[in-house]
Structures are given as structure tokens and as C-alpha cells.
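Chains, contacts and geometry: an overview
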Amino acid sequence: MEAATGEGSSVIECDVLVAGSGAAGLSAAIVAAQAGLSVVVAEKASVFGGTTALSGGGVWIPASRAMRADGFDDSIADAAAYLKAVLGAQYDDSKVEAYLAHANEAVDYLSEHAGLELISAGLPDYEMHLPGAGHSRCLLSPDFDGRKLGPLLRKLRPALREMGGPLGFQIGFADMEPLLNLHRSFAAFRKSVRIVARQVADLLVHGRATRLANGNALAARLLLAAADSGVSLWSDAPVKSLRTADNRVIGAIVERSGQTLEVRTSKAVIMATGGFGADAAMRREHIPLAATSYSLAPRENRGDGIRLALGAGGRLAEGNAANAIWTPMSAVPAGDGPPRPFPHLAGDRLKPGSIIVDADGRRFTDEANHYQAVGNDINRVGAERMFLVGDAQFLRRYGMGLARPAPWPHGALLRKGYLKRAGTVAELAGQLGIDPARLERTVATFNEHARQGHDPEFGRGAHAYSHFMGDPGRDNPSLAPLEHAPFYAIELRPGDLCTLLGVVTDARAAVLDAAGQPIAGLYAVGLDMNSPWRGAYPGGGAALGPAIVFGYLAARDIVRAGQAAA
């Protein structure tokens, strides 16, 4: 990488500029740098990791080594059959086939050369009733010791505090069982004490958690590998515009810590800026119920990469089944700042002893289904406000959103109005603004069927996903009546984890113009690229999987093009 002086700005020369530092951008940067190219990652935020650092860290990879090592059988043919069944008319042959052909190649390369670690956890696909469905395609990121990052630890985007423990420590998938059962078994209590003790020691010594979990661990591994690979990592460096010449993208204007830089690229610019989840105008245009919904997207994710690609001649995809990954969310009423939402991805709503009702007190979905399906139902009925309702036994065992299970106290959340409590269902309905008789009928009907072990209205507990995510100690792991006073509720809103709508790309992640031709020197990956699943959702990790794989494929294509031209 070379620096020079230009008129009115400094000029930086490199082979590849990557805009954004989530899993997609960092994967592309690592592969390109390890092939000998000079790479700059320009991150708009003051911290690295993007949406990945806030995520669950699951990566959907069929027929992986990790699956086989854990005793799960799979094949690419089965995965293809499953995707065809899930996607239906949304099936994009070229991109889906490229993904299936190269997913394990990408993961194996990053595992060998970048320290990527992914483990099997046995999670089922989200539509297990369809042909080709399987277990453990969603691979998880094991814990990572943040001390290995050295000074870079303070530059890693922190995990969502709301998704962690009461002291702000991170909770991994393997931590959930002991923490939920700490009052039910001595072994779970002992393991929970060890988890908490490690985090308290970290806070005292380092001022923050160093035991990183989930997507924070994944982002940390990739960030460390990028630094070790010689990638130049710029924070506070938004890409403001692209430079083109002779129908080719040849660089960009970047503002780095207030200084204007002209970055000239000899190979390509890769857009990986994280979609448009925090952009009000794009949300109004493309996200249902945008006026009342919450989003987990970092505030920097304003559609920069998408807009720049469109300005260079790219086009926005059309006809997706969904434009985001949905989940219901709750939030503690804000003081001075905006509310910080809590995503109800798993846990409470999938456990027995609760229901979700709309503002009229009616159920409208299988509460124990996967989050994308529940979100689709929320959008279908236009539910701008909902309530998760449970009884005392439910709250004690499983918690409700930010109200943790026993023995954590709930007084502060009751005082803030986040958690509502009443001695009867009718009294609770009055606090929620719901007709008491209607909510009583809804609960009574649900309870009658739950005692018999089935849900004829919405089929709750009848599929493999709800069984896996429910309480394994029950005949129906996600179904039980609400009958132990007092009764509790929290308000839910529509929400999204990230956007999926992006620019149209080919199987190499090259941005395509209106005529379907690649724009030379321009790629889009991660949430800037339209999802290969086009809004359908095959299983956990179906956003991070394509992020890593198409980040890898974009870099490999850039490297091959350079080798062919040499």
C-alpha cells in the first residue's frame, strides 16, 4: 500500500478496499491479504465487528466437518433438496449452487488460515418437515479469550448488553441450560457460579468481559486474523463516494477521522457495510410496520454500501419473500436515550406456560416457531403491539425477556413498567388495555387444549424446532397451561435483527448492472448483497453463512482476476 499527495486530499493506493468490518468484510479482507494483495478495511464506526459482533454467531454450513465429527450425517444433495423446498419460487440456481459448492471450502480455508472455529450443537433446521432437512447445519462459535486481541479488544464492538448476564457478561449457547436451571440442580448452580465468577474477575481486572461468546467471539477471531494477515484496519472511516473510470470502479473517497482520503484501488472495492437497518427512509420503504418496530442494526448501518453500489450502476433486488430477519422484541422504557431492544429469539416464548396475544387479546401465531416465521405472522396481521403473557411458574423457571428467572429480582422492571403483574388474568388485561373477558377466553381456550397436550389453533409444540428449543423435561416441551397466579406480561413490538434486501450480484458477489452485467471492480457481500435465500430462512446462521462464503468467493475472484491479468 502506497501513500501520495493529491490535490486537496491525501491519496492512498492499495489493491482492495473493503467497506465494513463484519464477518463478510473481514473474511474477504483476510483471503485477499493472504494471497498477497494490499487490503484496507474502512469501517464507518469507531469499533470493528459490525452486526456480526451483536449476533448469535451461528453459521449455516451443510455437510461440514464439524457435523460429521459430532456424528451427524449430511450431504450437499440433501441440502439442495431442502433449500429448493424452503425457497420455492425464490430459489436462485446460480447463487445457491455456488454457496453449496464452496461453503465448506470457505470455512475450511478460514479455519486453517485464520483461526476460525465452528462447532456442532445439534440445532435442527427451521423447517424440519420439508425434504432434505437436517440437524446441526447451524454451527456455533465457541468462546474466545478476548485477551488474545491485545489493544484491539477495545476496538471490538461490544456484544448486546441486554443479551448477556445481569453484570453485562456474555452468555454463550452452552451457558443457557445451567443459568436457567441454577435453582433446580446443584450441578447447574455450581457451573453458573463459575461463569459469573470469571466475568466478575474480568470486570475488576480489565474493565470489561474478556470471555467472548457467540457472534462477538466470531468477530474477534476474524478481526485478529485480519490484523495478523497485514490488513490495514481503519475505524471512523466511512466511504463517502466511489470513483469510476472507463466503466470500472477504481477507488473511493474515504473520510478517516475527519481527513479526506482518496483510496485508489488496482483490483476492487468490496461493499460490506451491513445493510440499511438503521436508516429511517429505507426502513419506511422496505420494512413492514417500520413506524413502531425495533431494530438491532448498529446505528451506522444506514445503507451506505447499497446506495454507493446503486450510484455506480447497480440495482436493488425485487420480490424477496422478506427484506429482513424478523423477531419480536421488547424494550425497557427509555430515559434520556432511545430504548434498547431485547430480541425474543429463543428462551421465553418457546417455553411452556406462555402465549403471545395481539392488542385485542387474541393469539395469532405459533409462539414456539422460529423467529422468522413468527415475524412473518406479525407482519401478516399487522400487529404493531403485542404482549407475552405468562404465569408465576413460567417467570420463575424461564424468565420473560429482561426479567431473568429466579433468583433474580424483578422490582426495578415492575417499577419501570417493563414487566406487568396482576393477581388474575382479567386484572392483567386491564393493565394492558385489553378487554378482560376476551383475554380470559383466550387463556381459558389455550389452557384447555394445553392440558391435553396439543394446540389445534396453531400447532404449537408439534414440530422438531419447538421440541429442541423447549423444556426437555416435559411431554410437550413448549406447551403448558397458564394457571399459577400471579400473572405477568411484557409488551412486544415487531423487530428485525438485520436487513436482507440488497443489490443484485452474481455467484461471485460481483455487483450487476441493469443489463445483468458485472460492474468491473465492484463487489457486494454480507447484508449489502441481496440474500441468496431472498428472505426465506432455512435455519440458524442463514445470514452469517452467506456473509462468510460470499466474502471468500469475492476475494478469490479478485485474486484469480489479478493472476489472469499478470
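This one's a predicted model, so the numbers in the text were calculated from it and none came from an experiment.

Observations regarding the overall build of the protein chain
Counting secondary structure elements, the protein chain contains 16 helices and 23 strands. Of all 566 residues assigned to the protein chain, the portion counted as buried reaches 59%. Pairs at least 24 residues apart make up 72% of the contacts formed inside the protein chain by residues separated by at least 6 positions. Taken as a whole, the protein chain presents about 21,800 Å² of accessible surface, with 50% of it coming from carbon and sulfur.

A few points about the pairing of strand E21 (residues 495-499)
The element E21 is extensively covered by neighbouring structure, given that five of its five residues are classed as buried. Pairing of strand E13 (residues 294-295) with E21, which is carried by two bridges, proceeds in the parallel orientation. From the neighbouring strand, Ser295 faces E21, where its bridge partner is Asp496. Relative to E21, strand E14 (residues 324-326) runs antiparallel, the two being bridged by three bridges. Bridge assignment links Ile325 to a residue of E21, and that residue is Cys498.

Some words on the sheet that holds strand E17 (residues 354-358)
Taken in spatial order, the four strands line up as E17-E18-E20-E19 in an open sheet, and their pairing is antiparallel. With one partner strand each, in any of the chains shown, E17 and strand E19 (419-422) form the two edges of the open sheet. For this sheet, the mean angle separating the axes of adjacent strands, direction not counted, is 25 degrees. Bridge analysis of E17 against strand E18 (residues 386-391) gives five bridges, and the strand direction is antiparallel. The partner of Ser354 across the bridge, within E18, is Gly390.

Regarding the environment of Gln393
Mapping Gln393 onto the fold places it in helix H11 (residues 392-398). Distance in space between the C-alpha atoms of Gln393 and Ser354 is 10.0 Å, their sequence separation being 39 residues.

What to know about the side chain of Asn301
Mapped onto the fold, Asn301 is located in the loop between E13 and helix H9 (304-311). Residue classification places Asn301 among the buried residues on the basis of a relative accessible area of 5%. A distance of 3.0 Å separates a polar atom in the side chain of Asn301 from a polar atom in the side chain of Thr51.

Some points on the packing of aromatic side chains
Applying the stated criterion to the full structure yields 10 aromatic pairs. Judged by centre distance (6.0 Å) and plane angle (35 degrees), the rings of Tyr126 and Tyr537 are tilted. Within this pair, whereas Tyr126 is found in the loop between strand E5 (119-120) and strand E6 (138-140), its partner Tyr537 is found in the loop between strand E23 (518-524) and helix H16 (544-565), the two being separated by 411 residues in sequence. Side by side, Tyr126 and Tyr537 carry an identical accessibility label, which is buried.

Some remarks on the pattern of salt bridges
The full count for this structure, using the stated rule, is 26 salt bridges. With a shortest N-O distance of 2.9 Å, Arg147 and Asp145 are connected by a salt bridge. The partly exposed category is assigned to Arg147, whose relative accessible area is 46%. The exposure class of Asp145 is partly exposed, given its relative accessible area of 23%. Overlapping salt bridges bring together Arg363, Glu367, Asp455, Glu457 and Arg460 as one network.

Here's the deal with the environment of Leu261
Mapped onto the secondary structure, Leu261 falls in strand E12 (residues 259-271). Using a relative accessible area of 5% as the deciding quantity, one classes Leu261 as buried. In this structure, the C-alpha to C-alpha distance between Leu261 and Ser10, residues 251 residues apart in sequence, is 5.0 Å. Sequence-distant contacts of Leu261, that is, excluding residues within four places in its chain, are made with Ser10, Trp234, Ala252, Ile253, Val254 and Arg256.

A few points about empty space enclosed by the protein
Once rolled over the atoms, a probe with the size of a water molecule shows which space is left empty. A complete count under the given rule lists two cavities of 30 Å³ or more for this structure. In this structure, the largest cavity occupies an estimated 70 Å³ of space. What lines the largest cavity is Leu500, Gly526, Leu527, Met529, Asn530, Ser531, Pro532, Ala542, Ala543 and Pro546. For the lining of the largest cavity, the per-class residue count stands at seven nonpolar, three polar and no charged. Of the pockets and cavities examined, the second largest cavity occupies roughly 60 Å³. Taken together, Ile287, Pro288, Ser293, Trp326, Thr327, Pro328, Gly375, Ile378, Asn379, Pro494, Gly495 and Asp496 form the lining of the second largest cavity. Among the secondary structure elements, those contributing two or more residues to the lining of the second largest cavity are helix H10 (371-381) and E21. Per-element accounting of the lining of the second largest cavity gives the leading share, three residues, to H10.

Focus on the pairing of strand E11 (residues 248-256)
Across six bridges, strand E10 (residues 239-245) lies against E11 in antiparallel orientation. Counterpart to Leu242 in the pairing with E11 is Ala252. By the bridge criterion, six bridges tie E11 to E12 in an arrangement that is antiparallel. Along E12, the bridge assignment pairs Val254 with Leu261. Hairpin remark: E11 followed by E12, antiparallel, with two residues in the connecting loop; positive phi at Ser257, about 50 degrees.

Regarding H10
For H10, the set of buried residues is Tyr371, Gln372, Ala373, Val374, Gly375 and Ile378. Its buried side turned inward, H10 meets E14, E18, helix H15 (464-469) and E21. Downstream of H10 by one or two residues, Gly382 has phi in the positive range, about 70 degrees.

Examining the nonpolar core
In summary, soluble globular proteins display a tendency toward joint burial of nonpolar side chains. Core analysis: the largest hydrophobic core is formed by 136 residues, its most contacted members being Leu17, Val39, Tyr99, Leu233, Trp234 and Leu522. If you tally residues by element for this core, the top one is H16, at 11 residues. Both domains that meet at this core, namely domain 1 (11-16 + 229-322 + 499-565) and domain 2 (329-493), each give it at least three residues. In this view, Val39 contacts Val16, Val18, Ala29, Ala32, Ala33, Val231 and Ser232; residues no more than four positions away in its chain are not counted. By size, the runner-up hydrophobic cluster in this structure holds 23 residues, among which are Leu289, Ile378, Ala392 and Leu413.

Quick notes on the rules
- Residues numbered from 1 in each chain as written.
- Predicted model: local features only at pLDDT ≥ 70, side-chain atom pairs only at ≥ 80, totals over all residues.
- Heavy atoms only, no water.
- Helix = DSSP H or I, 4+ residues; strand = E, 2+ residues; numbered from the N terminus.
- Buried < 20%, exposed > 50% of the residue type's maximum accessible area, 1.4 Å probe, protein only.
- Contact = heavy atoms within 4.5 Å.
- Areas by Shrake-Rupley, 256 points an atom, 1.4 Å probe, with all protein chains shown as cover.
- Pairing = 2+ DSSP bridges.
- Axes fitted to C-alpha atoms, helices over the stretch in contact; angles between N-to-C directions.
- Polar contact = N/O pair within 3.5 Å; in protein donor to acceptor, adjacent residues only side chain to side chain.
- Phe/Tyr/Trp six-rings, centres within 6.5 Å; stacked < 30°, edge-to-face > 60°.
- Salt bridge = Lys/Arg side-chain N within 4 Å of Asp/Glu carboxyl O.
- 1 Å grid on protein atoms, 1.4 Å probe; cavity = no way out; pocket = protein on both sides within 12 Å on 5 of 7 lines; lining within 4 Å.
- Points joined across faces, edges and corners; volume = space filled by probe spheres on them.
- Nonpolar A, V, L, I, M, F, W, Y, C, P; charged D, E, K, R; others polar.
- Core = buried A, V, L, I, M, F, W, Y, C linked by side-chain atoms within 4.5 Å.
- Domains from an automatic or database assignment.

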